[in-house]
Structures are given as C-alpha cells and as structure tokens.
Amino acid sequence: MIDLHYWPTPNGHKVTLFLEEAGLPYAIKPVNIGAGDQFRPDFLAIAPNNRMPAIVDHAPVDGGEPVAMFESGAILLYLAEKTGRFIAQDLRGRAEVLQWLFWQMGGLGPMLGQNHHFSQYAPEKIPYAVDRYVKETNRLYGVLDRRLADREFVAGADYSIADMAAYPWIVPYEKQGQTLSDFPHLARWFTAIAERPGTKAAYARAPEVNPDHGKTMSEDAKRVMFGQTAKGRA
C-alpha cells in the first residue's frame, strides 16, 4: 500500500495518473493546501518543502522500512523504477524519458505555474507579467508540439512518466491563454491521453477529495498559498 499525500493540482494529478495506470493500491491522505495542511509537522516530516504531493511506500522493493518521497518528478521516477513500468529499460530510451521529465519539472511546470498566478490569482493584473508568462507558455507548447510531430508520445512510441508529468499542466490550457488547435500534434497527444482509462480514473479522484475543485480560490486560501516565507505562513 502506498499513502499518497495529495490535493488535486497538476502536480498532484501526476501521481494519481501513475498509480491508476499501474494498478498499485494506494490510499489518499488529503493535504488541503488552501487551509494550510502543508504546514502540519507530520506532513513536513515527509515533505520538508511543504509542498504536495508526497508518498510513503509501505512495501519498498528492498523489503525494508517504508520509503517517504516528495517532489512529483522524483515520485514518478521512484514508482517507475519500483514497478519497471512507464520508463524505457534501455540506455537511450531511458535517457529520452528522463530528459523530458526534467524538462517538465524545470520548465513547463514552473512557467505555466507563473502563468496561472499572474493571470488568475494575483490581486492586481500586471500586464508585463501576464504577457511574459503567456508568451513563455506558448513557446513551451510549441516545443512540445514539435516534439510530438513524429512520435506518439513524448519519449517515443510508449506512454511514459514524461507524458504523465506534462499532461496535467496542459489540461487548463484555456486559462493559460492557449488554443490547442494552434498545436495539432500536441492536441492529438492530449486527446489520446485524456481518453485513457487511467487518466479518467485519476481525474475522478479530484472531486472526491475536494468537492470545491474547479471553483474560484477564496481570499483566505490565497493568503495561505501565496504568503509563505521561511517562517511559514505570512
């Protein structure tokens, strides 16, 4: 059994995508990031960066004590290695998966996250910031579209953790100021992943965990989410 410390955000969805695709038994431990659950001492013991998702694997492959992991990319890689699935086993195929996983972690996620912040959550609209991140989102969509022009999935012919990492960040494309029809190869890939049973099962968990999923974030939640310093909440 794997304990998944989760809230339905793009980074949280990455892990439910893997767990549903792999058929691994897991239990969701909700981390209501708008209420400040990420600051609980028991959660910080697992995820010292006070960010979800995090997991605790109670059946690691070495048969030893439970393994705790934080950071969504590290979790995906850990689970892929645990199961031997969704990552190529040959040197070159593995390299393809890893570089695109890290591309998402270092570029697609952070840049689209800034897009969301300045276009959706900032108390005042700063035109330069909105324009900067909408354009960078568009550039990254273009990178992904070109990559998918001659292959079914991001790392090649097989669905992998590189796809699982990227897909949830494309789901809110309209809020990011993007039009999928501008990126036909990306649109084809996006539709194919959306239709996978594992994807549907993963996204079905969102309203189960957060009945307000998809609704406008409250001002109190924004203060918790965006007012953090080294001392914790603002």
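Everything discussed here concerns the structure shown above.
In this numbering scheme, every chain counts its residues from 1 along its sequence in written order. With the structure being a predicted model, the display of local features is reserved for residues of pLDDT at least 70 and the display and counting of side-chain atom pairs for 80 or more, all residues being used for whole-chain, interface and lining totals. In computing side-chain values, all of the structure's heavy atoms are included and hydrogens and water are not.

Trainee: Sorry, what's going on with unusual backbone geometry here?
Mentor: Note: most residues except glycine have negative phi, and most peptide bonds are trans. In this chain, Met52 is followed by Pro53 through a cis amide linkage whose omega measures 10°. Strands are runs of DSSP state E lasting at least two residues, helices are runs of H or I lasting at least four, and both sets are numbered from the N terminus onward. Looking at where Pro53 falls in the secondary structure, it is placed in the loop between helix H2 (41-44) and strand S3 (54-57). A positive phi angle, close to 80°, is found at Glu71, a residue other than glycine. Among the structural elements, Glu71 can be located in the loop between strand S4 (67-70) and helix H3 (72-83). Its relative accessible area of 34% is what places Glu71 among the partly exposed residues. To sort residues, take the accessible area from a 1.4 Å probe on protein chains only and compare it with the maximum for the residue type: under 20% means buried, over 50% means exposed, and anything in between is partly exposed.

Trainee: Which parts of the structure should I look at to understand the nonpolar core?
Mentor: Taken as a class, soluble globular proteins show a tendency for nonpolar side chains to be buried jointly. Phe18, Ile55, Leu79, Ile161, Ile170, Leu186 and Trp189 are the most contacted members of the largest nonpolar core, which has 68 residues in total. In this description, contact between two residues means that some pair of their heavy atoms is separated by no more than 4.5 Å. Leave out the neighbours within four places in its chain, and Leu186 touches Tyr141, Leu144, Asp145, Leu148, Ile170 and Leu180. Each nonpolar core is a collection of buried residues, namely Ala, Val, Leu, Ile, Met, Phe, Trp, Tyr and Cys, held together in the definition by side-chain atoms within 4.5 Å.

Trainee: Where do I start with the packing of helix H4 (residues 91-121) against helix H5 (residues 127-147) in this structure?
Mentor: For any two helices packed against each other, one specifies the crossing angle of their axes together with the interaxial distance. All axes are obtained by fitting lines to C-alpha atoms, using only the stretch in contact for helices, and the reported angles, taken between N-to-C directions, cover 0 to 180 degrees. Two numbers describe how H4 lies on H5: the axes approach to 8 Å, and their chain directions differ by 150°. In this view, H4 runs roughly antiparallel relative to H5, as classed from their interaxial angle. The two elements H4 and H5 meet at a crossing, and its hand is left-handed. Contacts between H4 and H5 involve Glu96, Trp100, Trp103, Gly107, Leu108, Met111, Leu112, Gln114, Asn115, Phe118 and Ser119 from the first element and Ala129, Val130, Arg132, Tyr133, Val134, Glu136, Thr137, Leu140, Tyr141, Val143, Leu144 and Arg147 from the second. Within the contact of H4 with H5, the residues separate by chemical class into 14 nonpolar, 5 polar and 4 charged. Each angle receives one of four descriptions, namely roughly parallel if under 35 degrees, roughly antiparallel if over 145, roughly perpendicular if within 65 to 115, and oblique otherwise. Each crossing is labelled by how the near helix is turned from the far one, with a counterclockwise turn of less than a right angle marking it left-handed and a clockwise turn marking it right-handed. Only Asp, Glu, Lys and Arg are considered charged in this grouping, and only Ala, Val, Leu, Ile, Met, Phe, Trp, Tyr, Cys and Pro are considered nonpolar; every other residue, Gly among them, is considered polar.

Trainee: Mind showing me how you'd approach the packing of helix H1 (residues 10-22) against H3 here?
Mentor: Interhelical geometry of H1 versus H3 gives an angle of 10° and a closest axis separation of 9 Å. In terms of axis orientation, H1 runs roughly parallel to H3. Two secondary-structure elements touch here, H1 through Asn11, Lys14, Val15, Phe18 and Leu19 and H3 through Ser72, Ile75, Leu76, Leu79, Ala80 and Thr83. Split into classes, the residues belonging to the contact of H1 with H3 amount to 7 nonpolar, 3 polar and 1 charged.

Trainee: Please explain the environment of Ala47 as it appears in this structure.
Mentor: Structurally, Ala47 can be placed in the loop between H2 and S3. If near-sequence neighbours (up to four positions away) are discounted, Ala47 is found in contact with Ala54 and Phe70.

Trainee: Even after reading the chapter, I still don't get the pattern of salt bridges, so can you show me in this structure?
Mentor: Where side chains of opposite charge bring their charged atoms close, a pairing between them can arise. The term salt bridge refers to a pairing of a side-chain nitrogen on Lys or Arg with a carboxyl oxygen on Asp or Glu at a separation within 4 Å. A full pass over the atoms with the stated rule returns 12 salt bridges. Between Asp37 and Arg40 there is a salt bridge, with its nearest N and O atoms 3.4 Å apart. A relative accessible area of 27% means that Arg40 is categorised as partly exposed. The residue Glu136 makes a salt bridge to Arg132 at a minimum N-O spacing of 4.0 Å. A residue pair is termed a helical-turn pair when its members lie 3 or 4 positions apart in one helix, as Glu136 and Arg132 do in helix H5 at 4 residues.

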